[in-house]
Structure formats: structure tokens, C-alpha cells
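This is what each chain is made of:
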Amino acid sequence: LAKAYLAEVLQIDRRTRSEEHPYYIRHLIRLAEVTHDLGEASEADALYRKVVALNQRVLGPEHPESIDTLSAFGTFLLETDRLEEAQNVLTTVLETNRRVRGPTHSYIGNDLENLGRLAYLRGDFTGARRYLEDALEIYRQSLPPTHGFIATSLTTLGRTQLARQHRRSGPDRG
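Residues numbered from 1 in each chain as written. Predicted model: local features only at pLDDT ≥ 70, side-chain atom pairs only at ≥ 80, totals over all residues. Heavy atoms only, no water.

Engineer: Describe the overall build of the protein, and please don't skip the residues or the numbers.
Structural biologist: Within the protein, the secondary structure is distributed over 8 helices and 0 strands. When the elements of the protein are put in sequence order from the N terminus, they spell out α-α-α-α-α-α-α-α. When its C-alpha atoms are laid out on the principal axes, the protein stretches across 65 × 35 × 30 Å. Looking at the protein as a whole, 40% of its 174 residues are labelled buried. (Helix = DSSP H or I, 4+ residues; strand = E, 2+ residues; numbered from the N terminus. Buried < 20%, exposed > 50% of the residue type's maximum accessible area, 1.4 Å probe, protein only.)

Here it is in C-alpha cells:
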């Protein structure tokens with residue numbers, strides 16, 4: 001139902017605005033997210049790619065909305081196990097965010113956390129730990145000490161350390 005509503009909103013946007021209007025682009029990213037949530041990965045992929053291209057053409061590649069859309073696409077790739085492409089996209093997002101938002105912006109922490117998740121999925125627990133520790137440091141610099149990102153980062157670091165120890169000791173040797 002959500003997908004049908006968003007499709008209708010996009011039809012209205014096309015009639016009353018252009019496909020380059022910010023509202024149309026925002027509604028299109030919502031449709032990509034809903035489509036992904038429904039498990040329709042190939043359609044979601046096409047929608048994400050369209051939104052990324054539109055944002056970069058209309059706003060430019062260093063506009064915050066373009067960066068955030070590219071980040072959402074990178075997360076989508078990560079969640080659909082396209083790790084090599086996710087690595088390329090998420091690395092671009094990190095580099096661009098550092099230039100545009102500065103090295104200690106909380107979004108840099110998010111980017112590092114995503115790269116940490118990617119390293120974890122690849123079984124690179126040492127690399128994952130480095131990314132996650134860097135993310136935690138940025139969160140501690142840029143967010144209040146009770147922020148949920150800090151708690152999530154600590155939890156993910158703990159899981160990464162446990163997986164690393166488990167790999168070294170083997171499943172039956174604590």
C-alpha cells in the first residue's frame with residue numbers, strides 16, 4: 001500500500017513539478033526505500049541509481065542531499081550483499097563527507113560505521129574494529145555522551161571483538 005501511495009505522489013509531482021524538483025527526488029528516494037523494504041531489490045536498485053543520478057545532476061555531487069542519497073544507496077548495496085560496489089560507494093561517501101562536512105561531523109562516524117559493517121561481513125574483524133573505533137571517536141567528539149549512536153557503536157565493537165576471538169579460538173574453545 002505504501003508503494004502505491006508513493007507511486008501516486010510521484011504522478012502528482014510529475015504533473016505539477018518536474019522530475020528535477022526536490023520534492024519529486026525526495027519522494028523517489030522514499031519509493032526506493034519502501035521497494036527495498038518489500039524485498040524488491042532489482043527495482044529498488046534502479047530507483048536508487050535514478051535518485052543518485054538526479055541529485056548529482058541537479059544539486060551537484062558535493063551537495064549534502066547528494067551525499068546522503070549516495071550513502072543510502074551504499075547502505076542498500078551493503079544490505080543486498082554487493083560488497084565490492086558498496087565498498088566503492090561508501091568510500092566515495094566518506095571522502096566527500098570529509099571534504100564537505102569536515103573530519104569530525106557525526107555523518108563521518110556513520111560512514112565509518114558502514115565501512116566497519118562491510119569489513120565485518122567480509123570477515124575482516126581487525127579492519128572492522130579500526131573503522132568502528134574511529135566512528136566511536138567521532139561520535140564522542142560530536143554527539144552528547146548519551147546519544148544512541150555511541151551505544152550502537154559500542155555494541156557493534158563488542159560483537160566484532162567477540163567474532164574475532166571466536167575465529168581465533170575456534171567454536172569449541174572459548
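Engineer: Now, about the environment of Tyr48: what can you tell me, with residues and values included?
Structural biologist: Of note, Tyr48 is situated in helix 3 (residues 41–58). Among all residues touching Tyr48, those that are not within four sequence positions of it are Ile29, Ala32, Glu33, His36, Ala72, Phe73 and Phe76. (Contact = heavy atoms within 4.5 Å.)

Engineer: So what's going on with the packing of aromatic side chains? Residues and values would help.
Structural biologist: With the rule as written, the count across this model stands at 5 aromatic pairs. With centroids separated by 5.2 Å and ring planes inclined at 65°, the aromatic side chains of Tyr120 and Phe125 adopt a geometry described as edge-to-face. The exposure class assigned to Tyr120 is partly exposed, which follows from its relative accessible area of 27%. Classification of Phe125 by relative accessible area gives buried; the value is 11%. Here the aromatic cluster, defined as three or more aromatic residues joined through ring pairs, consists of Tyr48, Phe73 and Phe76. Positioned over the ring face of Tyr120 is Arg159, at 6.0 Å from the centre of the ring. (Phe/Tyr/Trp six-rings, centres within 6.5 Å; stacked < 30°, edge-to-face > 60°. Lys NZ or Arg CZ within 6 Å of the ring centre and 35° of its normal.)

Engineer: Let's hear about the side chain of Asn114: which residues, and what values?
Structural biologist: Tracing the sequence through the fold places Asn114 in helix 6 (residues 106–121). Residues contacting Asn114, with those up to four places away along its chain left out, are Ser71, Thr75, Leu78 and Leu90.

Engineer: Any details on the side chain of Thr96? Residues and values, ideally.
Structural biologist: In this structure, Thr96 sits in helix 5 (residues 83–101). Among all residues touching Thr96, those that are not within four sequence positions of it are Pro61, Glu62 and Ile67.

Engineer: Go over the pattern of salt bridges, please, and point to the residues and values.
Structural biologist: Applying the stated criterion to the full structure yields 15 salt bridges. Close ionic contact of Lys3 with Glu40 constitutes a salt bridge, the shortest N to O distance being 2.4 Å. Note that Lys3 is positioned in helix 1 (residues 2–16) and Glu40 in the loop between helix 2 (22–37) and helix 3, a separation of 37 residues in sequence. Relative accessible area serves as the criterion here: at 29%, Glu40 is assigned to the partly exposed category. Through salt bridges with shared partners, a single ionic network connects Asp45, Arg49, Arg82 and Glu85. (Salt bridge = Lys/Arg side-chain N within 4 Å of Asp/Glu carboxyl O.)

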